[in-house]
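Architecture at a glance
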Amino acid sequence: MAILQIKNLHVSVDTEQGSKEILKGVDLTIRSGETHAIMGPNGSGKSTLAYTIAGHPKYTVTEGEILLDGENVLEMSVDERARAGLFLAMQYPVEIPGVSVSNFLRTAKTAITGEAPAIRPWIGEVREAMSNLKMDPGFTERNVNEGFSGGEKKRHEILQLELLKPHFAILDETDSGLDVDALRVVSEGVNRAKTAKGFGVLLITHYTRILNYIKPDFVHVFVAGKIAEEGGPELAERLEAEGYDRYVKA
Amino acid sequence: MTEAVIRPGSTAHSHGASEIPLQTRSERLRSSNPADHVAIDGRDEQWRYLDAARLAGLDVNVLSDAAGDLAFTGPNEFSFELVDATDPLFGTAGLPEDLPSANGWSAAAKAAKVTLNGEASEAAILKVDGIKRDRAAHIIVTSKVHSRGTVVIDHTGDASLAEIVEIIVGDESELTVVSIQDWDSEAVHTSAQFARIGRNAKLKHIVISLGGKTVRVTPTAEFTAPGAEVELLGLYFADAGQHLEHRSYVDHAVANCKSRVTYKGALQGKGAHTVWVGDVLIRKAAEGTDTYELNRNLLLTDGARADSVPNLEIETGEIEGAGHASASGRFDDEQLFYLQARGINELDARRLVVRGFLNEIIQKIGIESIETRLNESIEHELTRSIN
Ligand SMILES: Nc1ncnc2c1ncn2[C@@H]1O[C@H](COP(=O)(O)OP(=O)(O)OP(=O)(O)O)[C@@H](O)[C@H]1O
Ligand SMILES: [Mg+2]
């Protein structure tokens, strides 16, 4: 049983006009097996929260803490966080020219587990995961995210999730840009990984569609750098119907 | 960043002013006599990026012939001898276009000549190791008709060397020439490399510049008969204080030939400076020419500088295609973040990105021992950059 605690998190970015506070005191606790959905208007700071958990150097934590099983995540480097079991499926996955998917996956797996996976079972595992995600096996020979369509990039993120088996998965708009079939395939991938590993999920989304596949235990409304309201799955329905007006005005 | 592709039937006038050579490339003075060349002047395009003081006197000092100090090893398909100016190939591939080369030429009475007589599966190696200061060397590499093989010129140790390499690629032959500059940190090296390519012949010319304080390699490829192909590949890695300059020139003098120029470099550290100038001339007679040149640079740290100048001169509209691309960019921290977010530590992540960047060249080399050595060198450079 793992636990990820975010306490009174304040985060700023450097801008040309100086430092700008984006997260203004976020409190959130996620346990293994739980699924938390975060919904909120554009620019409210959802990706900032995701990136800050992963340790992106652009974001400065000015107050508060992030603890993984009591360990101070903020003192860990980006790769240490990943090895500790945090996984961020990015809203905009990055292209890495000249680095093949197969090389990348094997290098990442080796880094996470601390030893190179045995070749044959590994290739089998990659193949199976790709076939589950309806990815063409030819993708392993392509360069990481290079020339991938938006939807292919998202599948590739979930492929990594399935192979790297983290304790906590943060999915930043993994559903955006997916067609209906892809949405189902990708959601099944997340559920499969979750069942296998029992990890906790922080799912950032704009749409209730994905919540039909990945059932949230908790829904958080994120507005202006803070959680404005929390509830169960029914909250997502209400947001879909009413929008964020009442939070933004309040 | 500039990208341009000239489609068949169009001319080169779409190019920006900075890309137009001051004089047409074919009119540059060629002479083996140092007295015919003017002193090095920074206002001259050829010396725009390189201070004469960095040449350690290769342009003016009295140099001594190093031909006798080169060590050759190679399989039976190759022969090796020292020849002089009476050799029928001596001076047939090209003549010096600058003062250090002319100075080197006049000081090197002998030439080390490597001849490829058949199909060799193993590479021949010409080692230029620790030949010390104020040296000149003239090397001739030639492939006989229908032959096929690889010659590696491997520069190591300390030296100041003005070198001339003549490459005569026989009709229907396939020759690979690799020039490795893996000098000690204080070495100074100019190398004018002239290739003449025969009918239906193929030349793969690979320049790898890693070590040395100042390295200036100027490969020239001239087509003499139709149906030939050249591939000029270059890879360089410059550290603090290093100046690595590469100037390629492809002379499409005849019809239906193909050229590809691909140079890629990584730079790190204060004062690391690389220069790539890629001249391509498509003469009036060179109908059906197909050419493309590309240079990309990856700046790993602040304080490094990469100059990149493609020049296409096109005298006929009847071509297959002509284009170029040139770009220099900083190391992308988002790539680093992405890889680290997958558990990969910073050094390994940098290694992956830089290798990935250089892969395009490394994959084309096709000689395993060199690929291994390159990977080790890149490794070494990167470890240095992190610590
Ligand atoms: N370098 C920066 N300079 C100024 N503002 C910035 C900078 N980086 C981020 N921001 C601002 O921080 C805010 C939060 O951005 P973030 O990407 O976290 O939003 P989001 O909730 O993920 O939005 P979306 O739903 O559109 O993905 C935005 O208003 C954004 O413009
Ligand atoms: Mg976002």
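**A short note on the environment of A:Arg192**
Residues and elements named next belong to chain A. Here Arg192 shows up in helix H6 (residues 180-197). Separated by 30 residues in sequence, Arg192 and Glu162 have C-alpha atoms that sit 7.9 Å apart. When neighbours within four sequence positions are excluded, Arg192 is seen to be in contact with Asn132, Leu133 and Glu162.

**Comments concerning the packing of aromatic side chains**
With the rule as written, the count across this model stands at six aromatic pairs over all chains. Three or more aromatic residues link up through ring pairs in this structure, and these residues are A:Tyr51, A:Tyr59 and B:Phe337. We note B:Arg350 situated over the ring of B:Phe331; from NZ or CZ to the ring centre the distance is 4.6 Å.

**Some details on the side chain of B:Arg351**
For B:Arg351, the position within the fold is in helix H3 (residues 346-365). Of the polar contacts made by the side chain of B:Arg351, one reaches the side chain of B:Glu379; its length is 2.9 Å.

**Structural notes on the site of ligand 1**
Residue and element names in this part refer to chain A. Around ligand 1, the structure places 17 residues, and the nearest of them are Gly43, Lys46, Ser47, Thr48 and His206. The backbone of Gly43 places a nitrogen or oxygen atom 2.9 Å from an oxygen atom of ligand 1. A distance of 2.9 Å separates an oxygen atom of ligand 1 from a polar backbone atom of Gly45. For ligand 1, whose free accessible area comes to 640 Å², the fraction covered by protein is 68%. Sorting the residues of the shell around ligand 1 by element identifies strand E1 (3-15), strand E2 (18-31) and helix H1 (46-54) as the ones contributing at least two each. Looking at side-chain class alone, the shell around ligand 1 contains three nonpolar, nine polar and five charged residues.

**A short note on the sheet that holds strand E6 (residues 86-89) of chain A**
All names here are of chain A. If you trace the six strands from one edge of the open sheet to the other, you get E6-E9-E10-E3-E11-E12, paired in mixed fashion. Each edge of the open sheet is held by one strand with a lone partner, namely E6 and strand E12 (226-231). Along the sheet, successive strands turn relative to each other by an average axial angle of 20°, direction set aside. Across four bridges, strand E3 (residues 35-39) lies against strand E11 (residues 218-223) in parallel orientation. Bridge pairing in E11 links Met39 to Val221.

**With respect to empty space enclosed by the protein**
All names here are of chain B. All chains considered together, the criterion is met by three cavities of 30 Å³ or more. Each pocket or cavity is described by its volume, and for the largest cavity that value is around 120 Å³. Every residue lining the largest cavity is counted, 14 residues in all, and those nearest its centre are Arg25, Arg28, Gln46, Glu97 and Thr218. No other element matches the three residues that strand E13 (residues 214-223) contributes to the lining of the largest cavity. Here the lining of the largest cavity is composed, by residue class, of three nonpolar, four polar and seven charged.

**With respect to helix H3 (residues 101-113) of chain A**
With 13 residues, H3(A) should reach 18 Å at 1.5 Å per residue; the first-to-last C-alpha distance of 18 Å fits that figure. Three or more residues of H3(A) are buried, namely A:Val101, A:Phe104, A:Leu105, A:Thr107, A:Ala108 and A:Lys109. Where H3(A) is buried, its residues contact strand E7 (96-100), helix H4 (119-132), strand E8 (143-144) and helix H5 (150-164) of chain A together with helix H2 (333-340) and H3 of chain B. A positive backbone phi angle near 85° is found at A:Gly114, which sits one or two residues after H3(A).

**Points about H1(A)**
Residue and element names in this part refer to chain A. In terms of burial, H1 is a largely internal element, nine of the nine residues being buried. Every buried residue belonging to H1 is among Lys46, Ser47, Thr48, Leu49, Ala50, Tyr51, Thr52, Ile53 and Ala54, and all of these are buried. Among the residues trailing H1, Gly55 stands out with phi positive, at a value near 95°.

**Some words on the coordination of the magnesium ion (ligand 2)**
Residue and element names in this part refer to chain A. Those protein atoms acting as donors to the magnesium ion (ligand 2) are Ser47 (OG) and Gln91 (OE1), and they sit at 2.0 to 2.3 Å. With Ser47 in helix H1 and Gln91 in the loop between E6 and E7, the pair connects residues that are 44 residues apart, well separated along the chain. Comparing Ser47 with Gln91, the two get one shared label, buried.

**A short note on the interface of chain B and chain A**
The interface is formed by 17 residues belonging to chain B together with 32 residues belonging to chain A. Considering only the surface of chain B that becomes buried against chain A, B:Phe337, B:Tyr338 and B:Arg342 emerge as the three largest contributors, covering 43% of it. For the interface between chain B and chain A, the tally reads one salt bridge. In this structure, the salt-bridge partner of B:Arg342 is A:Glu157, at a minimum N-O distance of 2.7 Å. Inspection of the chain B/chain A interface yields 11 residue pairs in polar contact (both at pLDDT 80 or more). Class assignment of the residues belonging to the side of chain B that touches chain A gives a composition of eight nonpolar, six polar and three charged.

**What about the domain arrangement of chain B?**
Residue and element names in this part refer to chain B. One can read the domain layout of chain B as domain 1 (4-330) and domain 2 (331-387). The distance between the C-alpha centroids of domain 1 and domain 2 comes to 26 Å. With 30 residues of domain 1 in contact, the opposing surface of domain 2 contributes 21 residues. When the buried area of domain 1 at its contact with domain 2 is split by residue, Leu235, Phe237 and Lys264 rank highest and sum to 26% of it. The interface formed by domain 1 and domain 2 contains three salt bridges. For the salt bridge of Glu360 with Lys264, the shortest nitrogen-to-oxygen distance reads 2.8 Å. Of all elements in the fold, only strand E8 (148-157), strand E10 (174-183), strand E12 (202-211), strand E14 (229-238), strand E16 (258-267), strand E18 (290-299) and strand E20 (321-330) reach the threshold of two or more residues within the side of domain 1 that touches domain 2. For the side of domain 1 that touches domain 2, the residue count by class is 14 nonpolar, eight polar and eight charged.

**Examining the side chain of B:His246**
Residues and elements named next belong to chain B. Mapped onto the elements of the fold, His246 is located in strand E15 (residues 243-252). Looking at His246, its side chain comes within polar contact range of the side chain of Ser209, at 2.8 Å. Look past the residues within four positions of His246 in its chain and what remains in contact with it is Val207, Ser209, Val217, Tyr236, Tyr263, Val275, Trp276 and Val277.

**Re unusual backbone geometry**
With a phi close to 50°, A:Glu173 is a non-glycine residue in the positive phi region. Considering the arrangement of structural elements, one finds A:Glu173 in the loop between strand E9 (168-172) and H6. Its relative accessible area of 8% is what places A:Glu173 among the buried residues. The phi dihedral of B:Asp134 falls on the positive side, at around 55°, and the residue is not glycine. The topology assignment puts B:Asp134 in strand E7 (residues 132-143).

**Notes on the pairing of E12(B)**
Residue and element names in this part refer to chain B. When you tally the buried positions in E12, you get eight out of 10 residues, the bulk of the element. One ladder, built from nine bridges, connects E10 with E12; its direction is parallel. Residue pairing across strands places Thr176 opposite Lys204, the latter belonging to E12. Sheet topology note: the E12/E14 ladder contains eight bridges and is parallel. The partner of Ser209 across the bridge, within E14, is Tyr236.

Rules and cut-offs
- Residues numbered from 1 in each chain as written.
- Chains lettered and ligands numbered in written order.
- Predicted model: local features only at pLDDT ≥ 70, side-chain atom pairs only at ≥ 80, totals over all residues.
- Heavy atoms only, no water.
- Helix = DSSP H or I, 4+ residues; strand = E, 2+ residues; numbered from the N terminus.
- Contact = heavy atoms within 4.5 Å.
- Phe/Tyr/Trp six-rings, centres within 6.5 Å; stacked < 30°, edge-to-face > 60°.
- Lys NZ or Arg CZ within 6 Å of the ring centre and 35° of its normal.
- Polar contact = N/O pair within 3.5 Å; in protein donor to acceptor, adjacent residues only side chain to side chain.
- Near = heavy atom within 4 Å.
- Areas by Shrake-Rupley, 256 points an atom, 1.4 Å probe, with all protein chains shown as cover.
- Nonpolar A, V, L, I, M, F, W, Y, C, P; charged D, E, K, R; others polar.
- Pairing = 2+ DSSP bridges.
- Axes fitted to C-alpha atoms, helices over the stretch in contact; angles between N-to-C directions.
- 1 Å grid on protein atoms, 1.4 Å probe; cavity = no way out; pocket = protein on both sides within 12 Å on 5 of 7 lines; lining within 4 Å.
- Points joined across faces, edges and corners; volume = space filled by probe spheres on them.
- Expected span 1.5 Å × (residues − 1).
- Buried < 20%, exposed > 50% of the residue type's maximum accessible area, 1.4 Å probe, protein only.
- Donors = N, O, S within 2.8 Å, 3.2 Å for Na, K, Ca; no water.
- Buried area = accessible area lost by both parts, 1.4 Å probe.
- Salt bridge = Lys/Arg side-chain N within 4 Å of Asp/Glu carboxyl O.
- Domains from an automatic or database assignment.

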